[in-house]
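# Notes for the structure review
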Amino acid sequence: MRVTLGWARCADNVADILRRGAWYPIVEESADGHVVVEVRQQRVRLSRTDVTIRKEVPDHWSVVVRTGVLRPTMGGRGSDVVTTYAVCPLCHYRQDVAGKPASVKCVRCGANSPVDWTETC
Ligand SMILES: [Zn+2]
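Keep in mind the model is a prediction, meaning the values are calculated, not measured. (Residues numbered from 1 in each chain as written. Predicted model: local features only at pLDDT ≥ 70, side-chain atom pairs only at ≥ 80, totals over all residues.)

### What to know about the overall build of the chain
- When you go through the chain residue by residue, the secondary structure sums to zero helices and ten strands.
- Walking the chain from its N terminus toward its C terminus, one meets helices and strands in the order β-β-β-β-β-β-β-β-β-β.
- Burial status across the chain gives 17% buried among its 121 residues.
- For the chain, contacts bridging at least 24 residues in sequence account for 38% of all contacts bridging at least 6. (Helix = DSSP H or I, 4+ residues; strand = E, 2+ residues; numbered from the N terminus. Buried ≥ 20, exposed ≤ 12 C-beta atoms within 10 Å, placed from the backbone. Contact = placed C-beta atoms within 7 Å.)

### Remarks on the confidence of the model for the chain
- Confidence along the chain averages 85 in pLDDT terms, with 83% of residues attaining 70 or more.
- Within the chain, strand 9 (residues 103-105) carries the highest mean pLDDT (96), whereas strand 6 (residues 61-70) carries the lowest (80). (pLDDT = per-residue confidence, 0-100.)

### Focus: the sheet that holds strand 5 (residues 51-54)
- The five strands lie next to each other as 4-3-2-1-5, forming an open sheet whose pairing is antiparallel. Pairing within the sheet leaves two strands with one partner each, and these edge strands are strand 4 (42-47) and strand 5. Pairwise comparison of adjacent strand axes, ignoring direction, gives a mean angle of 40 degrees for this sheet.
- Examined bridge by bridge, strand 2 (residues 23-29) and strand 3 (residues 34-39) share three bridges and lie antiparallel to one another. (Pairing = 2+ DSSP bridges. Axes fitted to C-alpha atoms, helices over the stretch in contact; angles between N-to-C directions.)

### Structural notes on the nonpolar core
- Counting 17 residues, the largest nonpolar core has Ala8, Tyr24, Val35, Val37 and Val87 as the members making the most contacts within it.
- Listed by contribution, the elements that provide at least two residues to this core are strand 1 (7-10), strand 2, strand 3, strand 6 and strand 7 (79-87).
- Counting contributing residues per domain, this core is built from domain 1 (7-54) and domain 2 (61-116), each supplying no fewer than three.
- With sequence-adjacent residues up to four places away left out, Val37 is seen in contact with Ala8, Tyr24, Pro25, Ile26, Val27, Val44 and Leu46. (Core = buried A, V, L, I, M, F, W, Y, C linked by C-beta atoms within 7 Å. Domains from an automatic or database assignment.)

### Points about the environment of Lys100
- Position of Lys100 relative to the elements: it lies in the loop between strand 8 (94-96) and strand 9.
- The exposed category is assigned to Lys100, around which 10 C-beta atoms lie within 10 Å.

### Points about the pairing of strand 10 (residues 112-116)
- Examined bridge by bridge, strand 9 and strand 10 share three bridges and lie antiparallel to one another. Across the sheet, residue Ser103 finds its bridge partner in strand 10, namely Pro114.
- From the end of strand 9 to the start of strand 10, which pair antiparallel, there are six residues, and Gly110 there has a positive phi angle of about 80 degrees.

Here it is, written out as structure tokens:
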């Protein structure tokens with residue numbers, strides 16, 4: 001078990017650096033309101049206000065709901081599509097979820113983890 005200061009998950013405005021819904025280990029905390037997280041073997045410095053921090057090891061799939069507009073093809077009308085996917089707490093694999101399962105098995109690492117539905121509206 002690695003020793004970590006906690007785990008950070010990014011807010012939407014920094015989602016281009018960190019994967020949405022994924023927790024990253026905090027390797028350093030500075031007094032000026034920043035945390036350093038490890039992302040794919042690289043250290044990324046973030047403002048604490050841009051991340052959600054938890055102390056416990058994440059053990060639930062995070063749910064990310066994405067809304068987009070489907071481009072009309074073949075003469076059809078454009079329509080709103082809502083894509084829901086879950087992010088594996090162990091390997092950060094993104095997996096589509098259908099319905100609202102209580103737990104999902106990761107196709108990549110094989111872990112069966114409960115799904116955290118509390119953050120979706
Ligand atoms: Zn996994």
